[in-house]
Amino acid sequence: MPVLPRAILFDLDDTLIRAYAQPDEAWTRLLQMFADPLGAHDAASIEGVRRAIMDEARAFWSEAKTAAKWRLDIPGARRLSVRRGLARFGRPDDALADRIADAFTELRRQEYRLYPDAHATVDALRDAGVKLALVTNGAGATQRDKIKRFDLAHRFDHIQIEGEFGQGKPEPAVYRHALETLGVAASDAWMVGDNYEWEVVAPQKLGLCGIWYDPLGMGIPAHATARPSRIIRRLGELVE
Ligand SMILES: [Mg+2]
């Protein structure tokens, strides 16, 4: 077992479970099912709708205040982005947009998967005496569903969900509260996750080590100023 800290804070989505990664492929697949109502009968048309929706979604989530509010209602946010996407594509139809958005929400929910080494890694860390917290943004009910479905609750000493706690990453209070609950100083803790801002930049400002999880090998974002303490491509690397 390598040298480990006294506590590790784990992110949930796209860290322990694969939730939203690689949306392009999922959108293409979903939109093909709506080819008739969309009037999009060839690959280029489907690609046009997909681009319009994803461009609108990117614009939507790039605004920090909007994002902080709407990540507590992802299905609602998705409806808005798809409505705007269809309008941009020249096929405005809010009812159809809502059906497509809801179908995508359900498709992604069905396709959530635990990363294969998630349970084994978390359990090995626990057995090694590391205190563990799950620190996740999003709505209470949505995140609790995932925690139950993937048998995570009993594996953590503390579970902190934005919708229940009242604040989300990257607010400093989020990390501080988790550390206080575990009774561990920031200098004795790691934050592990896939979101560069939330799991590297913000926690490192508070003195935690930011361990960036990069399973797809995307590399450090071009605009990044902070450097993670470490980059891992598999969770299992934490205990090797
Ligand atoms: Mg994440």
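Computed from a predicted model, the values in this text were never measured in an experiment.

*Asks:* Describe the nonpolar core, listing the residues and the values that go with them.
*Replies:* Membership of the largest hydrophobic core comes to 29 residues, with the highest contact counts inside it found for Phe10, Leu16 and Phe156. Of all the elements in the fold, those that place two or more residues in this core are β1 (7-10), α7 (118-127), β4 (131-136), β5 (158-161), β6 (189-193) and β7 (209-213). Tallying contributions element by element places α7 first for this core, with 4 residues. By size, the runner-up hydrophobic cluster in this structure holds 20 residues, among which are Trp27, Ile46, Ala101 and Phe104.

*Asks:* Go over the domain arrangement of the chain with me, naming the residues and quoting the values.
*Replies:* The domains assigned to the chain are domain 1 (7-19 + 113-239) and domain 2 (23-111). Taking the mean C-alpha position of each, domain 1 and domain 2 sit 28 Å from one another. The interface is formed by 12 residues belonging to domain 1 together with 7 residues belonging to domain 2. In total, domain 1 and domain 2 occlude about 680 Å² of area from one another, counting both sides; carbon and sulfur atoms represent 36% of this. As a salt-bridge pair, Glu162 and Arg71 come within 2.8 Å of each other at their nearest N and O atoms.

*Asks:* Could you give me a rundown of the packing of aromatic side chains, with the residues and numbers involved?
*Replies:* Counted by the stated rule, this structure contains 6 aromatic pairs. With centroids separated by 6.0 Å and ring planes inclined at 65 degrees, the aromatic side chains of Phe60 and Trp70 adopt a geometry described as edge-to-face. Taken as a pair, Phe60 in helix α3 (residues 43-61) and Trp70 in helix α4 (residues 64-70) lie far apart in primary sequence, 10 residues in all. A single burial state applies to Phe60 and to Trp70, both of which are buried. Connected via pairs of aromatic rings, a cluster forms that spans Phe60, Trp61 and Trp70.

The rules behind each value
In this numbering scheme, every chain counts its residues from 1 along its sequence in written order. Note on the predicted model: pLDDT of at least 70 is required for a residue's local features to be given, and 80 or more for side-chain atom pairs to be given and counted; whole-chain, interface and lining totals, by contrast, use all residues. Each side-chain value is derived from all of the structure's non-hydrogen atoms; neither hydrogens nor water enter the calculation. Think of a nonpolar core as a cluster: buried Ala, Val, Leu, Ile, Met, Phe, Trp, Tyr and Cys residues, connected wherever their side-chain atoms sit within 4.5 Å. Accessible area is worked out with a 1.4 Å probe on protein chains only. A residue is then buried under 20% of its type maximum, exposed over 50%, and partly exposed in between. Counting from the N terminus, the helices are DSSP H or I runs at least four residues long and the strands are E runs at least two residues long. Marked domain ranges trace back to an automatic or database domain assignment. Contacts were defined at the residue level, with two residues in contact if any of their heavy atoms lie within 4.5 Å. By buried area we mean how much accessible surface two parts lose on assembly, using a 1.4 Å probe and totalling the loss over both. Criterion for a salt bridge: a side-chain nitrogen of Lys or Arg within 4 Å of a carboxyl oxygen of Asp or Glu. Within 6.5 Å between ring centres, the rings of Phe, Tyr and Trp (the latter by its six-membered ring) count as paired, and their orientation is classed by plane angle as stacked under 30 degrees, edge-to-face over 60, tilted in between.

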